[in-house]
Structures are given as structure tokens and as C-alpha cells.
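# Per-entry structural report
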Amino acid sequence: MSFTVVSVGGPLAPEGEALIVKAGGRVVSTAPYPARADLIALLASEQPDAIVVRVVEKIDADVMRASPRLKLIAKHGAGTNDIDVEAAAALGLPVIAAVGANAHSVAEHALALLLALAKDIRTQDAFVRGGGWEKRVYKGFELRGRTLGLVGLGMIGRSFAAMVQPLGMTVFGYDPFAAPEAFGPHVERITDLDDMLARCDVISLHCPLTPQTEGLINARALGLMKPGSLLINTARGEVVDEEALVAALKNGPLAGAGLDSFAHEPPSPTHPLWSLPNVILSPHIGGVTEDARRQVSTMTATNVAALLTGQTISPHFYVKPKLKA
């Protein structure tokens, strides 16, 4: 059986593409953030059986309808906010995601942002490069004895919790949907987000983007955080009210923020966050290390090839449409 897969927003890793080819398929790739009209034209021309979504503004019903042969949509990663899952369900198209494939890389990135903030790496690097060498003005601090609050206890949150144990941090977790075993022996479950925000020195976001989490960290939430606290976001930018975040970084209570995602990507070059010295930024690359890319591509390709050749995959990979209120 032959089939066609379009990888939207960049190619699969060679290992993933090889799996597709071995199963009898071919892969056509687009550039990142393809223009909507160009993407629809390509899908109409190639008539793919599957779309793999890497970097794109939105895969909506009109994009899906461009290929009458389309049988499924696969996210090259875990977050599916760039796919209209409800529209896919209405068209009878399953949506799958590479759940957990890049969890360790994202957790490592959260740790890197946290350490960089705690040790003031950005400022110290610029200071030394500029000829400075004055240790008395250094204001870094130890993480030992500090409290970390995790918003979301999926695979990324759990991995991050394990990584900070050797540092001597006390870890709290807030996730109303997580099973008790998700918290493990080293994470104390908190059932009230406000309570956790007020208690922790560091808040790290690991929740999916949903109607309930959009704008979750708003001006009121930021105002509850401890003076001198830090915010880490390796989840989705829309979880944070960025205008309120700028105010909290300028006027308190936040001492700093490490951000890997933003409400609009790529963000405007005039974004007010860019001018703040107490922010460390990265372009949503926490889960795209070479190791993670291979794992995500391999998992995605394996599942796509299985479904297109009549096999089954674990229900764990299917993304369910949100229930309407």
C-alpha cells in the first residue's frame, strides 16, 4: 500500500522519514509557517493521506478539506492548539500526538531557565564581556531550600520535579486532573492554585492550553506570588497574560522570568518583554533538541504508518475533542 504524508512546517528527522518510506509512503515537507493559501494549494495538489503538523499557524477545517484523501492528522509534539481538533472530529479525522516523546528535553530546558535566572547568568555574561569583574555586586542565590510550584503534573512536570530533587528544593504540584500517583513521593499535592502561588519561590508552568488555562496566570495570579519570586513558562504562551507579566516584572512581585513560549509566535520585535533585563528568552525550542526531534519524529512516523496500513496504536496517543459546555 502506498500513501503520502505532508509534513507541515519543516521536515521529519531522517529516522522518522525512513520509517514512513519503509512502510510504503512518501513525505512532502513545507517550510515553517507556510502561508495558508500555499498550504491549501499544496494539499490539493499532493492529496496526502496524513498531515504531520510541526510549525504552522492553524490547521482548520478548510485546510483539512483540501485533501479528500486525508485520513488523519498527527502533531509532531504534544500540544495541539494549532489544530482544530473539533473540526477534525466533525470531519471524521482522528488527531494523534507524540505524547511524552520530548518531555525530558522540555523539563531540562525548564531547569536551564531556572538555573540561569537563579545564577543571573545573562547579566554576568554581559558584564564579563564588557570588561567587568566585580564580585561584590553579584546577587545570585541557591535553589537549595527554595520552593517550586508546578502547574501541571504530566510527563514534563514529573520529569522536572525529579530533576530538582538533588538541588534540595521542596516541590508542590497543582493539577486537578492528575491521578494521585502522578505526584509521587517528592511532590506535595496542592488543591488550591492561589495557595501555591503565594507559597512558592518559583512557579513553573507545564499545563496544556485549554479554555480553562488560557490567561490562567493573569494580573490577579501574579499579584499573589511572593516578592522576589520567579516564573518559568515552557508550556504555552497564552497561559500567561503577557501585559500583566511585564507589569509584574517591572514593579514586582516577580524578580525574573524564563520564557520559552509566547502568546503570538513569532512575537513582535517591539514586544515590551525584550527591554527587560530580568527576563531570559528562548524561541519555543525546549522540546526541539536533536535528541527530542528524533524521538518525536520516530514516534509520530511509527503511529502514522501504523494507522495508514491498517494497524492499531495505543489510545494514549489520540487527542480527544473538547466537550462543549
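Our subject is the structure listed above.
Residues numbered from 1 in each chain as written. Predicted model: local features only at pLDDT ≥ 70, side-chain atom pairs only at ≥ 80, totals over all residues. Heavy atoms only, no water.

### Considerations on the overall build of the protein
Within the protein, the secondary structure is distributed over eleven helices and twelve strands. Overall size of the protein, expressed as C-alpha extent along the three principal axes, is 70 × 45 × 35 Å. A buried classification covers 49% of the 325 residues belonging to the protein. Counted over contacts in the protein with a minimum sequence separation of 6, partners at least 24 positions apart contribute 59%. A total accessible area of about 15600 Å² is found for the protein, and carbon and sulfur atoms account for 57% of it. (Helix = DSSP H or I, 4+ residues; strand = E, 2+ residues; numbered from the N terminus. Buried < 20%, exposed > 50% of the residue type's maximum accessible area, 1.4 Å probe, protein only. Contact = heavy atoms within 4.5 Å. Areas by Shrake-Rupley, 256 points an atom, 1.4 Å probe, with all protein chains shown as cover.)

### Some points on the pairing of strand 2 (residues 25-29)
Pairing analysis gives five bridges linking strand 1 (residues 3-8) to strand 2, with the strands arranged parallel. Within the sheet, the bridge partner assigned to Phe3 lies in strand 2 and is Gly25. Taken together, strand 1, helix 1 (residues 14-22) and strand 2 constitute a β-α-β crossover, and its handedness is right-handed. (Pairing = 2+ DSSP bridges. Right-handed = clockwise from strand over helix to strand, strands pointing away.)

### Digging into the nonpolar core
Counting residues in each nonpolar core, the largest one holds 32 residues, and the members touching the most others are Met196, Ile203, Leu205, Leu222, Leu231, Leu245 and Leu273. Residue assignment for this core shows that the elements contributing at least two residues are strand 7 (170-174), helix 8 (193-199), strand 9 (202-205), helix 9 (219-224), helix 10 (242-251) and strand 11 (254-259). With five residues, the single largest contributor to this core is helix 10. The residues touching Ile203, leaving out its near neighbours within four places in the chain, are Gly149, Val151, Met196, Leu197, Met225, Leu230, Leu231 and Ile232. In terms of nonpolar packing, the next biggest core, distinct from the first, is built from 26 residues, Ala116, Leu143, Val164 and Ala182 among them. (Core = buried A, V, L, I, M, F, W, Y, C linked by side-chain atoms within 4.5 Å.)

### Some details on the packing of helix 1 against helix 11 (residues 290-308)
Helix 11 packs onto helix 1 with a crossing angle of 15° between their chain directions and a minimal axis gap of 7 Å. In this view, helix 1 runs roughly parallel relative to helix 11, as classed from their interaxial angle. Judged by the twist between their axes, the crossing of helix 1 over helix 11 is right-handed. Side by side, helix 1 and helix 11 meet where Glu15, Gly16, Leu19 and Ile20 of the first sit next to Arg294, Ser297, Thr298, Ala301, Thr302, Val304 and Ala305 of the second. (Axes fitted to C-alpha atoms, helices over the stretch in contact; angles between N-to-C directions. Parallel < 35°, antiparallel > 145°, perpendicular 65-115°, else oblique. Left-handed = near helix turned anticlockwise from the far one by under 90°.)

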